[in-house]
Amino acid sequence: RDRSFVDDTIAVTTKQYRDWKHSHRNLVNPTTKHSMSSKDDIQAKIAAIEAEYARTQKNKATSYHLGTLKAKLAKLKSELINGPGGKSSGSKDAGRGFDVNKSGDTRIGLVGFPSVGKSTLLTSLTGTRSEAAAYEFTTLTCIPGTMNYKGARIQVLDLPGIIEGAADGKGRGRQVISTARTCNLILVVLDASKPVTHKKIIEQELFNFGIRINQKRPEIKIVKKESGGIGYQEMVTQTKGMNSEVVRLVMKEYKVSCAEVIVREDVTVDQFIDVIEGNRSYVPVLYVFNKIDSITIEELDILDNMPNYVPISSTLKWNLEELLEAVWDRCNMLRIYTKPKGRMPDYEEPVILHAARNPTIEEFCNRLHKSLISEFAHAFVWGKSAKHQPQRCGKDHVLEDEDIVQICKKVGGN
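Overview of the structure. (Residues numbered from 1 in each chain as written. Predicted model: local features only at pLDDT ≥ 70, side-chain atom pairs only at ≥ 80, totals over all residues. Heavy atoms only, no water.)

Here the focus is the overall build of the chain. Assigned secondary structure in the chain consists of 12 helices and 16 strands. A total of 414 residues make up the chain; the buried ones form 42% of that total. When the accessible area of the chain is evaluated, it comes to approximately 23400 Å², of which 51% is carbon and sulfur surface. (Helix = DSSP H or I, 4+ residues; strand = E, 2+ residues; numbered from the N terminus. Buried < 20%, exposed > 50% of the residue type's maximum accessible area, 1.4 Å probe, protein only. Areas by Shrake-Rupley, 256 points an atom, 1.4 Å probe, with all protein chains shown as cover.)

Here it is as structure tokens:
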């Protein structure tokens, strides 16, 4: 029967084939249909686990069961975003963001709901023309711009507005948040005249996509081994529900039977699961309340009680200097000045390094030129990191902000 169908298909004329194709173009692709049903099944399982978690009492006796539920929930959400198998598989473009080359010394992204003034803010900060209008979804792709502040070149990305459900793919939300993961700092732009609940929605969308805002990676080390079961050591007393039994149950859910777990700080079960997943991004976030020219002084006083926030008006260019200073502080950038031998230091174009990595003279040399470290003999350092002025240092010396460095090459070097 199949062979007869193939022979008949080959025998038809081009016109008949086109008519047949036109009449069958609305048929559902079996692969797509299976994908949709699989996604619905995962969402149903997530809903069932969340319902069970909500009705379970929170006490010491149920902590083991709650830990298992959290692990199952994290696995299913990871599978929902990345495809079957979680972080190790999924569709080719599941976590792909906009194709924007990283440039400058650091990168910040503007994230927020549509029509909150992100494009106007980009223009005010960088001078880059980004279309702005009174209607929503004016920006449909990522618009990059560059600004200079304290000698640093900072790349600013104007990302399209996101909506509730962005982490699940609504409104190109995955592309937006995937690009936000690559930033050194995220500016969540909010309309000061809109409800503050928008802030909670954006935080939840970022959390669902694996971005942990204003947090650092937990001090947990997991070493897999060939045998011996699950070993557990805690260097600090745990007060948030972590213990050896919870660790064993969570590791069992992730099909890890032999490993050594070392906990060096007081953490929650959710933080432990984040470390097991291994695909979380820890990004600082600054909340920018725009359009403060449309609210009263009393409302501004209420907003002033919020942490990590800066009020601005991008249209009238109010308070932009405070915003730039807050960006500088959150990005933890250091200015290192070069000093050629026998000449004054160059204060115009500093080398920008990031304090989070405890930058050394070796990293400083690599920023200047990759071949410089092979010719390095020693360096003279003036500034806060030096014990005396100047101090002769090796390549492992850790630098601080506004240090002055003079590199001395090996004898015979060019």
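The next thing to look at is the sheet that holds strand 6 (residues 220–224). Spatially, 6-8-7 is the arrangement adopted by the 3 strands of the open sheet, whose pairing is mixed. Every other strand in the sheet has two partners, leaving strand 6 and strand 7 (230–234) as the edge strands with one partner each. Between one strand axis and the next, the sheet turns through 10 degrees on average, direction left out of account. Taken together, the 5 bridges between strand 6 and strand 8 (residues 259–263) define a ladder with antiparallel strand orientation. (Pairing = 2+ DSSP bridges. Axes fitted to C-alpha atoms, helices over the stretch in contact; angles between N-to-C directions.)

Now for the state of the cysteines. On inspection of all chains with the given rule, the structure shows 0 disulfides. Left without a disulfide partner, Cys-142 is nearest to the cysteine sulfur of Cys-183, which lies 8.0 Å away. For Cys-142, a relative accessible area of 8% puts it in the buried group. The thiol of Cys-331 is not disulfide-bonded; the next cysteine sulfur, from Cys-183, is found 9.7 Å away. Assessed through its relative accessible area of 6%, Cys-331 is described here as buried. (Disulfide = S-S within 2.5 Å.)

Further remarks concern helix 12 (residues 361–368). The complete set of buried residues in helix 12 reads Ile-361, Glu-363, Phe-364 and Cys-365. Check the buried side of helix 12 and you find it contacts strand 12 (333–338), strand 13 (346–354), strand 14 (376–382), strand 15 (391–393) and strand 16 (403–409). (Contact = heavy atoms within 4.5 Å.)

Below, the discussion takes up the side chain of Thr-56. Mapped onto the secondary structure, Thr-56 falls in the loop between helix 3 (30–55) and helix 4 (63–82). Among the residues examined, Thr-56 registers a relative accessible area of 14% and is labelled buried. Residues within four places of Thr-56 in sequence aside, it is in contact with Thr-62, His-65, Leu-66 and Leu-69.

Before going further, it helps to examine unusual backbone geometry. Residue Pro-390 is bonded to the preceding Gln-389 through a cis peptide linkage, with omega at -10 degrees. Here Pro-390 lies in the loop between strand 14 and strand 15. A positive phi angle, near 65 degrees, is found at Asn-319, a position not held by glycine. Relative to the helices and strands, Asn-319 is located in the loop between strand 11 (309–311) and helix 11 (320–331). Note on Asn-319: relative accessible area 29%, which makes it partly exposed.

Where side chains of opposite charge bring their charged atoms close, a pairing between them can arise. Under the counting rule described, the total for this entry stands at 15 salt bridges. For Asp-105, the salt bridge is made with Arg-367, and the minimal N-O distance between the two is 3.1 Å. You can see Asp-105 sitting in the loop between helix 4 and strand 1 (106–112) and its partner Arg-367 sitting in helix 12, a full 262 residues away along the chain. Judged by relative accessible area, which is 17%, Asp-105 ranks as buried. The partly exposed category is assigned to Arg-367, whose relative accessible area is 40%. The partner of Arg-335 in a salt bridge is Glu-402, and the shortest N-O contact between them spans 3.8 Å. Of this pair, Arg-335 sits in strand 12 while Glu-402 sits in the loop between strand 15 and strand 16, placing them 67 residues apart in sequence. (Salt bridge = Lys/Arg side-chain N within 4 Å of Asp/Glu carboxyl O.)

We now examine the sheet that holds strand 16. The strand order across the open sheet built from 5 strands is 13-12-16-14-15, with neighbouring strands paired in mixed fashion. The two strands at the open ends of the sheet, each matched to only one other strand, are strand 13 and strand 15. The sheet shows a mean angle of 35 degrees between the axes of neighbouring strands, taken without regard to direction. Here strand 12 pairs with strand 16 via 3 bridges, running parallel.

Strand residues, when the strand is regular, have side chains that alternate between the two faces of the sheet. For strand 16, the buried fraction is high: 5 of the 7 residues fall into the buried class. Relative to strand 16, strand 14 runs antiparallel, the two being bridged by 6 bridges. Among the inter-strand pairings, Val-381 is bridged to a residue of strand 16, identified as Val-405.

Moving on to the nonpolar core. Grouped burial of nonpolar side chains is what soluble globular proteins tend to show. In this structure, Ile-108, Leu-121 and Leu-323 are the most contacted members of the largest nonpolar core, which totals 56 residues. Tallying contributions element by element places helix 11 first for this core, with 7 residues. Filtering out sequence-adjacent residues up to four positions away, Leu-323 remains in contact with Leu-121, Leu-286, Val-288, Val-310 and Ile-312. Counting 19 residues, the second largest nonpolar core, distinct from the first, contains Val-261, Val-263, Val-269 and Ile-273. (Core = buried A, V, L, I, M, F, W, Y, C linked by side-chain atoms within 4.5 Å.)

Another point: the packing of helix 8 (residues 244–253) against helix 9 (residues 269–277). Remark: helix 8 packs on helix 9, axes separated minimally by 11 Å, with the N-to-C direction vectors making an angle of 40 degrees. Between helix 8 and helix 9, the crossing angle belongs to the class labelled oblique. In the packing of helix 8 onto helix 9, the handedness of the crossing is right-handed. Each of Val-246, Val-247, Val-250 and Met-251 in helix 8 lies in contact with helix 9, whose residues at this interface are Val-269, Phe-272, Ile-273 and Ile-276. Of the residues in the contact of helix 8 with helix 9, the class split is 8 nonpolar, no polar and no charged. (Parallel < 35°, antiparallel > 145°, perpendicular 65-115°, else oblique. Left-handed = near helix turned anticlockwise from the far one by under 90°. Nonpolar A, V, L, I, M, F, W, Y, C, P; charged D, E, K, R; others polar.)

Take a negative patch on the surface next. A contiguous patch of negative charge on the surface is contributed by Glu-298, Glu-299, Asp-301, Asp-304 and Glu-322. Element by element, the count of residues in the negative patch is highest for helix 10 (residues 297–303), at 3 residues. Residue Glu-299 is classed as partly exposed on the basis of its relative accessible area, which comes to 40%. (Patch = residues over 30% accessible without salt bridge, like charges linked within 9 Å, V, L, I, M, F, W, Y side chains within 5 Å. Lys, Arg positive; Asp, Glu negative; His and termini not counted. Charge placed at Lys NZ, Arg CZ, Asp CG, Glu CD.)

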